[in-house]
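As a plain string of letters, each chain reads:
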Amino acid sequence: MSNLFYQGRGRKRVLDQARGVYMWDKNGRRYLDGSSGAMVCNIGHSNENVLAAMQRQMEKSTFGYRLHFETEASERLAARLAGKMPGGLNRVFFVSGGSEAVETAIKLARQHALAIGEGSRWKIISRAPSYHGCTLGALATTGYAPLTEPFEPLMRVMPKIPAPRAYLDGLDPADPETGRHYADMLAARIEAEGADSVLGFIVEPVGGASTGALVPPEGYLERVRAICDDYGVLMIMDEVMTGAGRTGAFLGGDHWGVRPDIVVMSKGIGSGYAPLGAMIADDRLVGPVLDAGGFAHGFTYAGNPLACAAGLAVLEEIDRQDLCGNAAVMGDRLLARLHGLMQRHEIIGDVRGKGLLTAFEFMADRVTGAPLPRALNAYQRFVDIAYDRGLIVYSRRTRDGIDGDHVLVCPPLILNESHIDEIIDGLD
Ligand code: PLP
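Since the model is a prediction, treat every value here as computed from it, not as a measurement.

S.K.: Can you help me understand the overall build of the protein chain in this one?
M.R.: For the protein chain, the count of helices and strands is 14 helices and 15 strands. Expected size for 428 residues packed as a compact globule is a radius of gyration near 22 Å; at 21 Å, the protein chain falls within 12% of this value. Dimensions along the principal axes, computed over C-alpha positions, put the protein chain at roughly 60 × 60 × 45 Å. Residues counted as buried form 52% of the 428 residues belonging to the protein chain. Within the protein chain, contacts between residues at least 6 apart in sequence are counted, and of these 74% link residues at least 24 apart.

S.K.: Would you mind showing me how to read the pairing of strand β10 (residues 277-281) here?
M.R.: Across a regular strand the side chains alternate sides, sitting on one face of the sheet and then on the other. Most of β10 is tucked away: five of the five residues are buried. Taking every second residue as pointing to the same face, both faces of β10 are buried, with Gly277, Met279 and Ala281 on one and Ala278 and Ile280 on the other. In this sheet, β10 lies alongside strand β4 (residues 91-95) in antiparallel orientation, the contact comprising five bridges. Within the sheet, the bridge partner assigned to valine 92 lies in β10 and is isoleucine 280. As paired elements, strand β9 (residues 262-265) and β10 share three bridges and run antiparallel to each other. Residue pairing for β10: valine 264 is matched across the bridge by methionine 279.

S.K.: Even after reading the chapter, I still don't get the site of the ligand, so can you show me in this structure?
M.R.: For the ligand, the set of nearby residues contains 15 residues, the closest of which are Gly97, Gly98, Ser99, Ala209 and Val240. With three residues, helix α4 (residues 98-115) is the largest single contributor of residues to the shell around the ligand.

S.K.: Honestly, the sheet that holds strand β5 (residues 123-128) in this entry has me stumped. Any pointers?
M.R.: Reading across the sheet, the seven strands line up as β4-β10-β9-β8-β7-β5-β6 and stay open at both edges, with mixed pairing between neighbours. Edge positions in the sheet fall to β4 and β6 (160-162), since each has one partner strand and no second. Pairwise comparison of adjacent strand axes, ignoring direction, gives a mean angle of 20° for this sheet. In this sheet, strand β8 (residues 234-238) lies alongside strand β7 (residues 198-203) in parallel orientation, the contact comprising four bridges. Bridge assignment links phenylalanine 201 to a residue of β8, and that residue is methionine 235. On the sheet, helix α3 (residues 72-82) packs against β4 and β10 and is oriented at approximately 125° with respect to β4.

S.K.: What am I meant to see in α3 here?
M.R.: Note that an α-helix has 3.6 residues per turn; residues three or four places apart therefore point the same way. Every buried residue belonging to α3 is among Ala73, Ser74, Leu77, Ala78 and Leu81, and all of these are buried. Down the axis of α3, the smallest arc covering the buried residues is 125°, so these residues share one side. Against the buried residues of α3 lie α2 (48-60), β4, β10 and α11 (305-320).

S.K.: Can you walk me through the packing of α4 against helix α10 (residues 283-291) in this structure?
M.R.: A packed helix pair is summarised by two numbers, namely the angle formed by the two axes and the spacing between the axes. Orientation of α4 relative to α10, taken along the N-to-C sense of each, is 65°, at an axis distance of 8 Å. One way to sum up the angle between α4 and α10 is to call them roughly perpendicular. Along this stretch, α4 crosses α10, giving a crossing that reads as left-handed. For the pair formed by α4 and α10, the contact residues are Leu108, Gln111, His112 and Ala115 on the first element and Leu285, Pro288, Val289 and Asp291 on the second. Considered class by class, the residues forming the contact of α4 with α10 number five nonpolar, two polar and one charged.

S.K.: Explain the environment of glycine 293 to me, please; I cannot follow it from the model alone.
M.R.: Counting through the fold element by element, glycine 293 comes out in the loop between α10 and α11. Taking the C-alpha atoms as reference, glycine 293 lies 9.1 Å from alanine 115; in sequence the two are 178 residues apart.

S.K.: Would you mind going over the sheet that holds strand β1 (residues 15-19) with me for this structure?
M.R.: Strand pairing in a sheet relies on backbone hydrogen bonds. The paired strands run either parallel or antiparallel. Reading across from one edge, β1-β2-β3-β13 is the order of the four strands in this open sheet, with mixed pairing throughout. In this open sheet, the two edge strands, each paired with only one partner strand, are β1 and β13 (391-392). Where strand β3 (residues 30-33) and β13 come together, two bridges link them in parallel fashion. From the neighbouring strand, aspartate 33 faces β13, where its bridge partner is isoleucine 392.

S.K.: Is there a simple way to think about the packing of helix α12 (residues 323-344) against helix α14 (residues 417-427) in this case?
M.R.: One way to put it is that α12 packs onto α14 with a least axis distance of 10 Å and a crossing angle of 25°. Relative to α14, the element α12 is oriented roughly parallel. Read as a crossing pair, α12 and α14 show a hand that is right-handed. Each of Met330, Arg333, Leu334, Arg337 and Leu341 in α12 lies in contact with α14, whose residues at this interface are Ile420, Ile423, Ile424 and Leu427. Class assignment for the residues of the contact of α12 with α14 results in seven nonpolar, no polar and two charged.

S.K.: Would you mind showing me how to read the domain arrangement of the protein chain here?
M.R.: How large an interface is tends to be reported as the accessible area lost when its parts come together. With domains assigned, the protein chain is organised as domain 1 (15-46 + 322-427) and domain 2 (52-320). Each of domain 1 and domain 2 has a C-alpha centre, and the two are 25 Å apart. Listed as interface residues are 33 residues of domain 1 and, on the opposing side, 33 residues of domain 2. Elements with a contribution of two residues or more to the side of domain 1 that touches domain 2: α1 (36-39), α12, β11 (348-354), β12 (357-362) and β15 (406-409).

S.K.: Help me understand the nonpolar core, please; the structure alone is not making it clear to me.
M.R.: Soluble globular proteins tend to pack their nonpolar side chains together in the buried interior. By size, the foremost hydrophobic cluster in this structure holds 126 residues, and its most contacted members are Ala278, Met279 and Ala310. Per-element tally for this core: the top contributor is α11, with ten residues. Each of domain 1 (15-46 + 322-427) and domain 2 (52-320) contributes no fewer than three residues to this core.

What counts and what doesn't
In this convention, every chain numbers its residues from 1, walking through the sequence in written order. In view of the model being predicted, local features appear only for residues whose pLDDT reaches at least 70, and side-chain atom pairs are presented and counted only at 80 or more, with totals across whole chains, interfaces and linings using the full set of residues. Strands here mean DSSP runs of E at least two residues long; helices mean DSSP runs of H or I at least four residues long; both are numbered from the N terminus. What the globule rule says is 2.2 Å times the number of residues to the power 0.38, and the radius of gyration is computed from C-alpha atoms. The exposure scheme places C-beta atoms from the backbone and then counts, for each residue, the other C-beta atoms within 10 Å of its own, assigning buried at 20 or more, exposed at 12 or fewer, and partly exposed in between. In this description, a residue-residue contact is defined by the distance between C-beta atoms placed from the backbone, which must lie within 7 Å. Paired strands, in this sense, are two strands between which DSSP finds at least two bridges. A residue counts as near a molecule or strand when its C-beta atom, positioned from the backbone, falls within 6 Å of it. Helix axes use the C-alpha atoms of the stretch in contact, all axes being lines fitted to C-alpha atoms, and the angles between their N-to-C directions lie in the range 0 to 180 degrees. Each direction from the helix axis to a C-beta atom contributes to the arc, which is the arc of those directions. An angle below 35 degrees is read as roughly parallel, one above 145 as roughly antiparallel, one from 65 to 115 as roughly perpendicular, and any other as oblique. Crossing handedness is read from the near helix: turned anticlockwise from the far helix by less than a right angle, it gives a left-handed crossing, and turned clockwise, a right-handed one. Note on residue classes: Ala, Val, Leu, Ile, Met, Phe, Trp, Tyr, Cys and Pro are nonpolar, Asp, Glu, Lys and Arg are charged, and everything else, Gly too, is polar. Domain boundaries shown here were taken from an automatic or database domain assignment. Connectivity within a nonpolar core runs through C-beta atoms within 7 Å, and the core itself is a set of buried Ala, Val, Leu, Ile, Met, Phe, Trp, Tyr and Cys residues.

And the structure:
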């Protein structure tokens, strides 16, 4: 009996080592990591340049408390990240994960509103379904009732608008029930809440965390940006899963040229080498907060030098190997092969994605999008068979009956053609 307390129920594979796109368990069985952990290991496992950079940092220092010291590693990583942000987003606050990054964005948004005399604004609108993390602040913006309900006495669940229906794959920008463009529901929701009370809107550029590689419909993010501007609402882009090259551009939002007010990142910038996250804003937001007495927020491990050295080396690898470009090319090829898989398997009702954030969804009817009966447990059977064939993929159950059970296929961005063959063999 293990003393570890997991959410999972009784999977007992023990990881021994991992290299590139492969992982080996204690019995010496090899698996292709088709989910990059949880869309984390973008540059692949055990990259020698990253390990060497971490070794060099370990020999210098492994900890420096932020209030006493900045470190060269955090300064350089902040500069490199800022250089990859859309215009003028240049103030970086490091944390140790995605939930902390979202939490930090919420705190900055709120303190900015207070600092500029707009203290009536406190609501952060998000979408349902969605996932933005599990700390109470981040959870309040998460659109998935089973996760939020138990904690409602401890936090206020924030208002939600519907996410576009997944299986339409961006073809139809209007909700079939209301006939309205999905983005316009944000304006309606802001009006309904009282425009003066709304602080921000948080959204993933490509819905990864709960909608399975949901590419936004035509014009969606651009309209959201315009609506946020009209109402003085901050646009917070959650790039925790989509960032660091995953979708074939450094940020998912780059595909649509949309500049948010705040970007939050994590997974891919640490790429599994160290717990790392970041919130990136600009002086317009940060300045008034600092002038008003400082940012009332922080974590002991914020800007940890070892994590920052790892992050810097990860970003260097992303550029050196042009992993954004490779994710775009390999993503198109993988998506085409997954479409082929859909032709051969009737229960696959939709295939979608951007770059190497791809997914397929199970459904009973491709036209109506009716989900498969739960009892079939199709997603679990697919995943189990894939495991037996040496392929790890990431599966999600239906959330609130809004979207279907789906399997995310999100391998490391160092993927090549023969890896794609192996993935398809594992799923077919
Ligand atoms: N935001 C998104 C979009 C995520 O996918 C996740 C995690 O899956 C988070 C936030 C929370 O990140 P973490 O698990 O590192 O706290």
